[in-house]
Amino acid sequence: MTVSWETHTQLESPQVWYGESPATVTSVATGTSTTYPSSRVYDNHVKITGLKPNTTYWYRVSNQNCAGCAYKALDTFTTAREAGDETPFTVAVVIDLGLMGADGLSTKVGPYGGAANPLGPNDLNTIQSLMENKDTFDFIAHFGDIAYSDYFIKESWEGYFGNNSLIPNMTSVVEGYNELLEQFYDQMTPLTNSKAYMVSAGNHEANCDNGGVTDSIHNITYTTSICVPGQMNFTGYINHFRMPSDESGGTGNFWYSFDYGLAHFIVLDTETDLPVGLQSPDEVGGTDAGANSGPFGAPNQQYDWFENDLASVDREKTPWVIVGLHRPWYISATTSNRCLTCQEAFEPLMIKYGVDLYMQGHIHVYERNTPIANNTIDPAGLNNPTAPWNIVNGAAGHYDGLDALTAIPSYAVVAWDTAYGWSRLTFHNRTHLTHEFVASANGTVLDSATLYKAHDFSSSNGTGQGQGGNSQGR
């Protein structure tokens, strides 16, 4: 378990005290305190080892940004279940989740543009909805597009900050980007101080200008030339998080894996480091103009790691294999918004090794697809399919609101473009997994489906499909 927090000054020796009860917070671990150009804070990371599985620990950290506090607050975290633990568990999944409130998605829009779907006056936003349901899930997975601090430029020219801030410059972008980023992390703290927060890279972590922004009111086109080095090349994302790549042989916060109970989770990077011969969206020449990010590994390193990781999964202990990555390829969107190079890179390995479910976002809608492989629908549906199940849920919400669905393809079972929401995954046992789309506004479950997989790994095909079984819907 790594505990991370920000401070306004560098800590000589950031520390975390922890124990199994509030009265025994006496063990201590020490970490590092680092920053990067343009950041206004220091990122402190303390890795705690030797913890018991599935155990709640009380902890406190040194030197919080809490001037004059009489004491340091105690929080709790619960460690992961051991691989093979058959106890049911639940995961909250969000994708494309940005800042909420005054300088993010709210009930208002700017005079020159804004969200097509502003929040209603009585709506909860997604962060509030997660807080209301905090006791119903074990950890949070956020598969790309975190905070949307790169929307500062767009929010400026659309008048969201008022008419005195319509035309940003490099100085205002540095401060505005940081302000939005810090607000988001503050909003998430009541969740992430006690729930593990597992992330992947999305395009909005790449730089400060959202892949190129055109101010149609003042006829100004912004490029990455307005971004300082600390707000390019995923710098903030690299510094703020510490994902378990060392433990899984991955690379930084970009690709890694971990076990939790009956499931093996794999996180991939769709933005950079696609295999040789395939164009990565955020690298030089990619679809996000001027991003020029990465690569973060050697040629083919992510692909080779992905295959090796899949091949090494003990499916007797962790029969479920779940993949999280940002950009989709099966989606009700124009071809330019479908990551076909990502499909070419990753789908064959998902099929070969029997991945059960992969989740994506990027397009700001909800779409539950039927199991599909190589653009061919699996006739078994959710009743023990051989093809992976794909769900796209980019509807968590951010300043720009939701996208509009285009022509619904034949593989889409359910699609929504009018509701903000998040996904709740419940692993019931070795054979049944339920996905729910939860409306953030009021907690209504808008869509629910249960996947049955036999997971009979004695069969000759090695993918655990077996024979027979019943699907369930709830």
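Residues numbered from 1 in each chain as written. Predicted model: local features only at pLDDT ≥ 70, side-chain atom pairs only at ≥ 80, totals over all residues. Heavy atoms only, no water.

(A) Expanded view of the packing of aromatic side chains. Summed over the entire model, instances satisfying the criterion amount to 31 aromatic pairs. With 5.8 Å between their ring centres and 70° between their planes, Phe139 and Phe258 make a pair best called edge-to-face. Of the two residues, Phe139 sits in strand β10 (residues 139-143) while Phe258 sits in strand β15 (residues 256-260), which places them 119 residues apart along the sequence. Phe258 shares its class with Phe139; the two are buried. Centre to centre, the rings of Phe184 and Tyr185 are 5.8 Å apart; their planes meet at 65°, and the pair counts as edge-to-face. Residue Phe184 is classed as buried on the basis of its relative accessible area of 0%. An aromatic cluster is built from Phe89, Phe139, Tyr256, Phe258, Tyr260, Phe265, Trp320 and Phe427, whose rings are joined through pairwise contacts. Taking NZ or CZ as reference, Arg60 lies 4.4 Å from the ring centre of Trp17, over its face. (Phe/Tyr/Trp six-rings, centres within 6.5 Å; stacked < 30°, edge-to-face > 60°. Helix = DSSP H or I, 4+ residues; strand = E, 2+ residues; numbered from the N terminus. Buried < 20%, exposed > 50% of the residue type's maximum accessible area, 1.4 Å probe, protein only. Lys NZ or Arg CZ within 6 Å of the ring centre and 35° of its normal.)

(B) Here's a closer look at the packing of helix α6 (residues 301-312) against helix α7 (residues 340-352). One can describe the packing of α6 onto α7 by two numbers: an axis separation of 10 Å at closest approach and a directional angle of 10°. Considering the angle they form, α6 stands roughly parallel to α7. Where α6 approaches α7, its residues Gln302, Tyr303, Phe306, Glu307 and Leu310 are matched on the opposing element by Ala345, Phe346, Leu349, Met350 and Lys352. A class-by-class count of the residues in the contact of α6 with α7 yields 7 nonpolar, 1 polar and 2 charged. (Axes fitted to C-alpha atoms, helices over the stretch in contact; angles between N-to-C directions. Parallel < 35°, antiparallel > 145°, perpendicular 65-115°, else oblique. Contact = heavy atoms within 4.5 Å. Nonpolar A, V, L, I, M, F, W, Y, C, P; charged D, E, K, R; others polar.)

(C) Seen up close, the sheet that holds strand β5 (residues 42-47). One open sheet accounts for 3 strands, arranged β1-β5-β4; its pairing is antiparallel. Here the strands that pair on one side only, and so sit at the sheet edges, are β1 (2-7) and β4 (32-34). Going from strand to strand, the sheet's axes swing by 20° on average, the running direction of each strand aside. Across 3 bridges, the pairing between β4 and β5 is antiparallel. For Ser33, the partnering residue across the bridge sits in β5 and is Asn44. (Pairing = 2+ DSSP bridges.)

(D) Broad picture of unusual backbone geometry. For the bond running from Gly294 to Pro295, omega is -10°, close enough to zero to count as cis. Here Pro295 shows up in the loop between β16 (263-267) and α6. Positive phi outside glycine occurs at Ala147, with the angle close to 85°. Within the secondary structure, Ala147 sits in strand β11 (residues 146-147). Phi is positive for His362, close to 75°, though the residue is something other than glycine. Overall, His362 belongs to the buried group, its relative accessible area being 14%.

(E) Spatial organisation of α7. Between its terminal C-alpha atoms α7 stretches 18 Å, which fits the 18 Å expected from 13 residues at 1.5 Å a residue. The largest bend in α7 amounts to roughly 35° and is located at Phe346, with the proline Pro348 lying one to four residues further along. For α7, the complete set of buried residues consists of Cys342, Gln343, Ala345, Phe346, Glu347, Leu349 and Met350. Its buried side turned inward, α7 meets α6, β17 (320-324), β18 (357-360) and β20 (372-373). Just past α7, the residue Gly354 takes up positive phi, approximately 70°. (Expected span 1.5 Å × (residues − 1). Bend = angle between axes of the 7 residues up to and from the residue.)

(F) View of the pairing of β15. Within β15, 4 of the 5 residues are buried, which leaves the element mostly enclosed by the surrounding structure. Both β15 and β16 contribute to a ladder of 5 bridges, which runs antiparallel. Bridge pairing in β16 places Asp259 opposite His264. The antiparallel hairpin formed by β15 and β16 contains 2 residues in its connecting segment, where Gly261 sits at a positive phi of about 60°.

(G) Here's a closer look at the pairing of strand β19 (residues 366-369). On β19, burial covers both faces: Tyr366 and Arg368 on one face and Glu367 and Asn369 on the other are all buried. With 3 bridges connecting them, β19 and strand β22 (residues 389-393) associate as antiparallel partners. The residue of β22 that forms the bridge with Tyr366 is Asn393. Here 4 bridges tie β19 to strand β23 (residues 412-416), and the two strands are oriented antiparallel to one another. Residue pairing for β23: Glu367 is matched across the bridge by Ala415.

(H) Region of interest: the sheet that holds strand β26 (residues 445-452). Strand order in the open sheet formed by 6 strands is β12-β10-β8-β24-β25-β26, with mixed pairing between adjacent strands. One side of each edge strand has no neighbouring strand; the edge strands of this open sheet are β12 (196-200) and β26. Strand-to-strand, the axes of this sheet are offset by a mean angle of 20°, without reference to chain direction. Bridge analysis of strand β25 (residues 432-439) against β26 gives 7 bridges, and the strand direction is antiparallel. Paired with Leu433 across the bridge in β26 is Leu451.

(I) Representation of the pattern of salt bridges in the model. A complete count under the given rule lists 17 salt bridges for this structure. The salt bridge partner of Arg40 is Glu175, with a shortest N-O separation of 2.9 Å. Residue Arg40 is found in the loop between β4 and β5, and its partner Glu175 is found in helix α3 (residues 170-192); the two are separated by 135 residues along the sequence. Judged by relative accessible area, Arg40 falls into the partly exposed class, the value being 29%. Between Asp400 and Lys154 there is a salt bridge; the shortest N-O distance is 2.8 Å. Taken together, the residues Asp400 in the loop between β22 and β23 and Lys154 in helix α2 (residues 152-157) connect sequence positions 246 residues apart. Each member of the pair, Asp400 as well as Lys154, is classed as buried. Overlapping salt bridges bring together Arg40, Glu175, Glu179 and Glu182 as one network. (Salt bridge = Lys/Arg side-chain N within 4 Å of Asp/Glu carboxyl O.)

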